[in-house]
Amino acid sequence: MLPPLTRSEHRRATHAFSGVLAIVLVSVLAGCTTVETQGFEEPADSNVEYAQISTDADFGHYDRLLPQEMGIFFPRDVSVPPEDLARIRQIFRTAFIAELADYNIESAPGPTTMTVQASLIDMRQAGATGGSYLKREIQELATPGKIVFLMEMRDSQSNRVLARGADSAITPVVATAGGVETDWQSVEDAAGRWASLFRQFLDQNLGR
């Protein structure tokens, strides 16, 4: 049983949807001055559907994590009840905190700290150009009609991408259309699965 939302979480929830794109900007939206030129390879033994590892990533350099707030993206013309969005965040936060419990967690960048961020990109109701403002490499994953769980690992000081993984094998039911209610069990199942995949992805690449 999840703890009830606090008064401050309810207050933040009323503004949650309007702030969704701002949360996701860090990892998935295209920027005018940011061009990704580094090389990536796709590991053959990844535990997720899609993975990219930077060809010059040195995971032995990192011994602690800097988690970022989870990004949640829906197309601009899709509305989600603020209270549902707040509860979804709480469910995912609880699942991820449990999975990362035995890692060294930091609250600020550092020389041996790796930033980790998860994003949920729901393109099930997006049109053909619904993701046109996403970064090119993210557009390849978040195609219209799909819901994608994205994991990114970056150097906390340079913000350089070290690894990226994505999975779309499970589909939670979220109230994004009239007459549709969020199926909270499906959200909890998705959060548990994706938190576990994120942990496995970290363990695999950090050699744990």
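For clarity, every value in this text was computed on a predicted model and none was experimentally measured.

Caption draft 1: Just the environment of Ser-158, in detail. Locating Ser-158 in the fold gives a position in the loop between strand 6 (147-155) and strand 7 (161-167). Residue classification places Ser-158 among the partly exposed positions, given a relative accessible area of 49%.

Caption draft 2: Just the environment of Ala-95, in detail. Tracing the sequence through the fold places Ala-95 in helix 3 (residues 82-99). Taking relative accessible area as the criterion, Ala-95 reaches 17% and is therefore assigned buried. When the C-alpha positions of Ala-95 and Ala-195 are compared, they lie 6.0 Å apart, and in sequence the two are 100 residues distant.

Caption draft 3: Representation of the pattern of salt bridges. One pass over the structure, following the stated rule, counts 9 salt bridges. The shortest N-O distance in the salt bridge between Glu-106 and Arg-64 comes to 2.7 Å. Placement of Glu-106 in the loop between helix 3 and strand 5 (113-122) and of Arg-64 in strand 3 (residues 64-67) is noted, with a sequence separation of 42 residues between them. The partly exposed category is assigned to Glu-106, whose relative accessible area is 29%. The partly exposed category is assigned to Arg-64, whose relative accessible area is 25%.

Thresholds, definitions, all that
Residues numbered from 1 in each chain as written. Predicted model: local features only at pLDDT ≥ 70, side-chain atom pairs only at ≥ 80, totals over all residues. Heavy atoms only, no water. Helix = DSSP H or I, 4+ residues; strand = E, 2+ residues; numbered from the N terminus. Buried < 20%, exposed > 50% of the residue type's maximum accessible area, 1.4 Å probe, protein only. Salt bridge = Lys/Arg side-chain N within 4 Å of Asp/Glu carboxyl O.

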